[in-house]
Amino acid sequence: MNNQLITDTFRLLEAEMSPIAGIQLHLSPAECEPLLPALDGNDLQYERKVHLLGLYIILTLAARRHQECIPHHPDLTRNILDGDYLYSLYLQFAIKYRELDLVAYLAPSIKKLQIRRSNGDFAEHNPAAEMSEYLLQERRQRGRASKAI
């Protein structure tokens, strides 16, 4: 099922992206794997798994493009614009598929990452761990709400 999930997610993302941007989704299925246990370990509808994996892929690619922003690099401007476009797509995608709570949860760490990168610190970012934690908290809250009823 994970291969189908990854395929369906890439299809959806390709349909969502502007062809004018000219950005190719170069992410191997193996690079999607860090989030798969969290998606499989929670009782989520298939469509939501596609949306969450899509957000993960967009964030990963945006961070990668911005990580490639090295002074005097011949593709510096392109990398900046691509990364910015992908972060914009991340927000549009999250709004469209009603994942605003996830955006709010991830916003502080994404902003810290962007600030660190602007200061030359290109340490790895792990959106899969943060998204996993978000899903765990969401599941706990659902459990509390059902017990209260």
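Above this note sits the structure.
Residues numbered from 1 in each chain as written. Predicted model: local features only at pLDDT ≥ 70, side-chain atom pairs only at ≥ 80, totals over all residues. Heavy atoms only, no water.

1. Describing the packing of helix α1 (residues 2-16) against helix α5 (residues 76-96)
Our working definition: Note on definitions: angles span 0 to 180 degrees between N-to-C directions of axes, and those axes are lines fitted to C-alpha atoms, for helices only across the stretch in contact. Helix and strand definitions follow DSSP, with helices as H or I runs of at least four residues and strands as E runs of at least two, each counted in order from the N terminus. In what follows, roughly perpendicular refers to angles from 65 to 115 degrees, roughly parallel to angles under 35, roughly antiparallel to angles over 145, and oblique to any angle outside these ranges. Only heavy atoms enter the contact rule, under which two residues are in contact if any of them lie within 4.5 Å. Asp, Glu, Lys and Arg are counted as charged, while Ala, Val, Leu, Ile, Met, Phe, Trp, Tyr, Cys and Pro are counted as nonpolar; the rest, among them Gly, fall into the polar class.
Remark: α1 packs on α5, axes separated minimally by 11 Å, with the N-to-C direction vectors making an angle of 110 degrees. In terms of axis orientation, α1 runs roughly perpendicular to α5. On the side of α1, the interface is formed by Leu12, Leu13 and Glu16, while α5 contributes Tyr85, Leu89, Phe93 and Lys96. Here the contact of α1 with α5 is composed, by residue class, of five nonpolar, no polar and two charged.

2. Structural notes on the environment of Ile110
Along the chain, Ile110 falls in helix α6 (residues 100-118). Measuring from C-alpha to C-alpha, the distance between Ile110 and Leu59 comes to 9.0 Å, with 51 residues separating the pair along the chain. Ignoring sequence-local partners within four residues, the contact set of Ile110 consists of Leu59, Tyr87 and Tyr90.

3. A few points about helix α4 (residues 46-67)
This is how it is decided: Take the number of residues in a helix, subtract one, and multiply by 1.5 Å to get its expected span. Each residue's exposure class comes from its accessible area (1.4 Å probe, protein chains only) as a fraction of the maximum for that residue type: buried when under 20%, exposed when over 50%, partly exposed otherwise.
Between its first and last C-alpha atoms α4 spans 31 Å; for 22 residues at 1.5 Å apiece the expected length is 32 Å, and the two agree. Taking burial as the measure, the 22 residues of α4 include 18 buried ones, the bulk of the element.

4. Here's the deal with the packing of α5 against α6
The condition that has to hold: Left-handed describes a crossing whose near helix is turned anticlockwise from the far helix by less than a right angle; the clockwise case is right-handed.
The geometry of α5 relative to α6 is characterised by a closest axis approach of 10 Å and an angle of 165 degrees between their N-to-C directions. Relative to α6, α5 is oriented roughly antiparallel. Viewed along their axes, α5 and α6 form a crossing whose handedness is left-handed. On α6, the residues touching Tyr87, Tyr90, Leu91, Ala94 and Ile95 of α5 are Leu100, Leu102, Val103, Leu106, Ile110, Leu113 and Gln114. Across the contact of α5 with α6, the residue classes tally to eleven nonpolar, one polar and no charged.

5. Quick look at the pattern of salt bridges
Note the following rule: Between Lys or Arg on one side and Asp or Glu on the other, a salt bridge is scored when a side-chain nitrogen of the former is within 4 Å of a carboxyl oxygen of the latter.
Going through the model one piece at a time under the given rule, you end up with eight salt bridges. Here Glu16 ties to Lys96 by a salt bridge, and the two come within 2.8 Å at their closest N and O atoms. A residue pair is termed long-range when its members are at least 10 positions apart, and Glu16 in helix α1 and Lys96 in helix α5 qualify at 80 residues. By relative accessible area, which is 48% here, Lys96 ends up partly exposed.

6. Focus on α6
Here is the rule we go by: Given a residue, its bend is the angle between the two axes fitted to the seven residues that end at it and to the seven that start from it.
Taking 1.5 Å of rise per residue, the 19 residues of α6 would be expected to cover 27 Å, and the 26 Å separating its terminal C-alpha atoms lies within 8% of that figure. The largest bend in α6 is about 45 degrees, located at Ala107, with the proline Pro108 one to four residues further on. Buried residues of α6: Leu102, Val103, Leu106, Ser109, Ile110, Leu113 and Arg117, and no others. With its phi angle positive at about 90 degrees, Gly120 sits one or two positions after the end of α6.

7. Observations regarding the packing of aromatic side chains
Spelled out, the test is: Aromatic rings from Phe, Tyr and Trp, with only the six-membered ring used for Trp, were paired whenever their centres fell within 6.5 Å, and each pair was classed as stacked if the ring planes differed by under 30 degrees, edge-to-face if by over 60, and tilted otherwise.
In the structure shown here, the tally under the stated rule is two aromatic pairs. Each ring, one from Tyr105 and one from Tyr134, has its centre 5.5 Å from the other, and the planes form 55 degrees; the classification is tilted. Of this pair, Tyr105 sits in helix α6 while Tyr134 sits in helix α7 (residues 127-148), and the two are 29 residues apart along the sequence. Residue classification places Tyr134 among the buried positions, given a relative accessible area of 9%.

8. Quick look at the environment of Glu16
On the basis of relative accessible area, Glu16 is assigned to the partly exposed category, the value being 23%. Separated by 73 residues in sequence, Glu16 and Leu89 place their C-alpha atoms 8.3 Å apart. If sequence neighbours within four positions are ignored, Glu16 has contacts with Tyr85, Leu89, Phe93, Lys96 and Tyr97.

Nothing here speaks to function; it is geometry throughout.
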